[in-house]
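Letter by letter, the chains look like this.
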Amino acid sequence: METWILLGATSAIARAFARRLAAEGATLFLAGRDEAELEAIAADCRLRGAAGAEVLAFDARDPAGYPALIGRLAAQEGVLNAASFVGSMPEQTAIDAEPRLIAGVIADSFTGPATFLQMLAPLLEARGTGTIVGIGSVAGDRGRLGNYVYGAAKAGFATYLSGLRNRCGRKGVHVLTVKPGPVDTSMTWGMKMPFMTSPEAVAADIARAVKHRRNVIYSAPIWRLVMAVIRLIPEPVFKKMSF
């Protein structure tokens, strides 16, 4: 049976994906900062059929703790998989008022998970199999007034995943980039956004994409078309738009 480590496992999308994996009998490592919440999720996954569900401490801003996690995964036999749901999105106005917040956004949404995956990749490559799922965002497709720092972090992560896919695909490891649009979670609470989807729908899209070895998906799928149109808007026009 397969083993999955979920980074940022307390996120709504991660929870929904964990429930699906548990029902399939996977072994789960739930990694994040809130140990009590992770233990509750782990207990739920065991009830749903997970072969095992273990809690691991993970802080995207503290890479010193990564080697211990890699060592724990190396002890697992069989197919190893990883999914990163890590990210943070302060209001852009808050970042404008306190630019030092940028460092945390970049660490949570890009450099933290990228560093962990860079350390994990050789382990998967040595086994010649496995899947890596990285959660990007439609915000990374073009810098926009309302969230360009978060968008920049996710754009960097998407580019990293593209390169990792190019590397790992040669060794039998598949890398999937997921670009959700607005998802009904605590991160978007109170925001009015078009084509809002649910964590369960995104998790279902991820599961299908993993099964069919897709490279890049948008969730909901309509965002592929929406962002294609947005990318085509000429810069002199785009820079005057407010969205």
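Just above, that's the structure.
Here goes a summary of the coordinates provided. (Residues numbered from 1 in each chain as written. Predicted model: local features only at pLDDT ≥ 70, side-chain atom pairs only at ≥ 80, totals over all residues. Heavy atoms only, no water.)

## Details of the overall build of the chain
- Looking only at helices and strands, one finds nine helices and seven strands in the chain.
- Here the chain has a C-alpha radius of gyration of 18 Å; the compact-globule value for 243 residues is 18 Å, and the two agree.
- By its C-alpha atoms, the chain is 55 × 40 × 30 Å across when sized along the principal axes.
- Across the 243 residues in the chain, those meeting the buried criterion constitute 51%.
- When contacts within the chain are restricted to residue pairs at least 6 apart in sequence, those whose partners lie at least 24 apart make up 71%.
- Here the chain displays about 11,400 Å² of accessible surface, and carbon together with sulfur accounts for 58% of that area. (Helix = DSSP H or I, 4+ residues; strand = E, 2+ residues; numbered from the N terminus. Rg over C-alpha atoms; globule rule 2.2 N^0.38 Å. Buried < 20%, exposed > 50% of the residue type's maximum accessible area, 1.4 Å probe, protein only. Contact = heavy atoms within 4.5 Å. Areas by Shrake-Rupley, 256 points an atom, 1.4 Å probe, with all protein chains shown as cover.)

## A closer look at the nonpolar core
- With 33 residues, the main nonpolar core has Trp4, Leu6, Leu28 and Ile206 as its most contacted residues.
- Taken together, the elements giving at least two residues each to this core come down to β1 (3-7), α1 (12-23), β2 (27-32), α2 (35-47), β3 (52-57), β5 (131-135), β6 (174-180) and α7 (199-211).
- For this core, the element with the most residues is α1, which contributes seven residues.
- For Trp4, the contacting residues outside a window of four places in its chain are Phe17, Leu21, Ala26, Thr27, Leu28, Phe29, Asn81, Ala82, Ala83, Thr131, Val133 and Val210. (Core = buried A, V, L, I, M, F, W, Y, C linked by side-chain atoms within 4.5 Å.)

## Some points on the packing of α1 against α2
- Between α1 and α2, the least distance of the axes is 9 Å, while the angle of their chain directions is 30 degrees. Judged by the angle between their axes, α1 and α2 are roughly parallel. α1 and α2 meet at a crossing whose hand is right-handed. On the side of α1, the interface is formed by Arg15, Ala18, Arg19 and Ala22, while α2 contributes Glu37, Ile41, Asp44 and Cys45.
- Looking at the contact of α1 with α2 residue by residue, the classes come out as four nonpolar, no polar and four charged. (Axes fitted to C-alpha atoms, helices over the stretch in contact; angles between N-to-C directions. Parallel < 35°, antiparallel > 145°, perpendicular 65-115°, else oblique. Left-handed = near helix turned anticlockwise from the far one by under 90°. Nonpolar A, V, L, I, M, F, W, Y, C, P; charged D, E, K, R; others polar.)

## Overview of helix α5 (residues 101-127)
- With 27 residues, α5 should reach 39 Å at 1.5 Å per residue; the first-to-last C-alpha distance of 39 Å fits that figure.
- Of all the bends found along α5, the most pronounced is centred on Ala107 and spans about 55 degrees.
- A positive phi of about 70 degrees marks Gly128, the residue just after α5. (Expected span 1.5 Å × (residues − 1). Bend = angle between axes of the 7 residues up to and from the residue.)

## Section: unusual backbone geometry
- A cis amide bond links Ser219 to the next residue, Ala220, at an omega of 5 degrees.
- Relative to the helices and strands, Ala220 is located in the loop between β7 (216-219) and α8 (222-232).
- At Arg213, a residue that is not glycine, the phi angle is positive and equals roughly 55 degrees.

## Some points on the packing of aromatic side chains
- As enumerated under the stated definition, the model contains seven aromatic pairs in all.
- Taking 5.8 Å as the distance between ring centres and 90 degrees as the angle between the ring planes, the aromatic pair formed by Phe195 and Trp223 counts as edge-to-face. Separated by 28 residues along the polypeptide, Phe195 in the loop between β6 and α7 and Trp223 in helix α8 bring together distant segments of the chain.
- Aromatic rings pair up to connect Trp4, Phe17 and Phe85 into one cluster. (Phe/Tyr/Trp six-rings, centres within 6.5 Å; stacked < 30°, edge-to-face > 60°.)

## Some details on the sheet that holds β5
- The strand order β3-β2-β1-β4-β5-β6-β7 describes an open sheet built from seven strands, whose pairing is parallel. Whereas interior strands pair on both sides, the edge strands pair on one side only; in this sheet they are β3 and β7. On average, each strand axis in the sheet is inclined to that of its neighbour by 15 degrees, with strand direction left out of account.
- Looking at chain direction, β1 and strand β4 (residues 80-84) are connected through five bridges and run parallel. Across the sheet, residue Ile5 finds its bridge partner in β4, namely Ala82.
- On the sheet, α2 packs against β2 and β3 and is oriented at approximately 170 degrees with respect to β3. (Pairing = 2+ DSSP bridges.)

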